[in-house]
Amino acid sequence: MSDATLTAYNVKTKEKNVPIQDAVISKTAKGGYIAKGNDGKGNKLTALLGEAKALAAIKAGVAKQDW
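Residues numbered from 1 in each chain as written. Predicted model: local features only at pLDDT ≥ 70, side-chain atom pairs only at ≥ 80, totals over all residues. Heavy atoms only, no water.

### A few points about the overall build of the protein chain
The helix and strand tally for the protein chain stands at one helix and six strands. The order of α-helices and β-strands along the protein chain, N terminus first, is β-β-β-β-β-α-β. Here the protein chain holds 67 residues, and 34% of them are scored as buried. Intrachain contacts of the protein chain at a sequence separation of at least 6 include 39% that bridge at least 24 residues. A total of about 4600 Å² of accessible surface is found on the protein chain, and carbon and sulfur atoms cover 51% of it. (Helix = DSSP H or I, 4+ residues; strand = E, 2+ residues; numbered from the N terminus. Buried < 20%, exposed > 50% of the residue type's maximum accessible area, 1.4 Å probe, protein only. Contact = heavy atoms within 4.5 Å. Areas by Shrake-Rupley, 256 points an atom, 1.4 Å probe, with all protein chains shown as cover.)

### Things to note about helix 1 (residues 51–60)
Since the α-helix packs 3.6 residues into each turn, any two residues three or four apart lie on the same face. Within helix 1, the full set of buried residues consists of A54, A57 and I58. Projection of helix 1 onto a plane perpendicular to its axis shows the buried side chains occupying an angular sector of 100 degrees, all on one side. Of the residues in helix 1, the exposed ones pointing more than 90 degrees away from the buried face are A52, K59 and A60. Summarising the contacts, the buried residues of helix 1 are in contact with strand 3 (21–27), strand 4 (33–38), strand 5 (44–49) and strand 6 (63–65). Phi for G61, located one or two positions after helix 1, is positive at around 85 degrees. (Arc of directions from axis to C-beta.)

### Points about the sheet that holds strand 6
Across the sheet, which stays open at both edges, the four strands sit in the order 5-4-3-6 with mixed pairing between neighbours. Of all the strands in the sheet, just strand 5 and strand 6 have a single pairing partner and so form its edges. Taking the axes of each pair of neighbouring strands and ignoring which way they run, one obtains an average angle of 25 degrees across the sheet. Bridge count for strand 3 against strand 6 is three bridges, and the pairing is parallel. (Pairing = 2+ DSSP bridges. Axes fitted to C-alpha atoms, helices over the stretch in contact; angles between N-to-C directions.)

### Quick notes on the nonpolar core
With 15 residues, the main nonpolar core has L6, I20, I25, A35, L49 and A63 as its most contacted residues. Elements with a minimum of two residues in this core: strand 3, strand 4, strand 5 and helix 1. Here I20 is in contact with L6, T7, A8, A35, K36, G37, N38, L45 and A47, once residues within four sequence places are set aside. (Core = buried A, V, L, I, M, F, W, Y, C linked by side-chain atoms within 4.5 Å.)

Structure below.
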């Protein structure tokens, strides 16, 4: 798995490591990073990220920057 690939847990279908599509990364109030997107089937996904992984995903073009 590449460092730039963003995955999350899908609460609705209880699947692990679901790839996030149309990801948008934003900063949280405490300075962390969160990726928001969907799974391609209409279910919303979110994942908390570290700074290195968030910036790597933006640089690789996997996600858009929201700040």
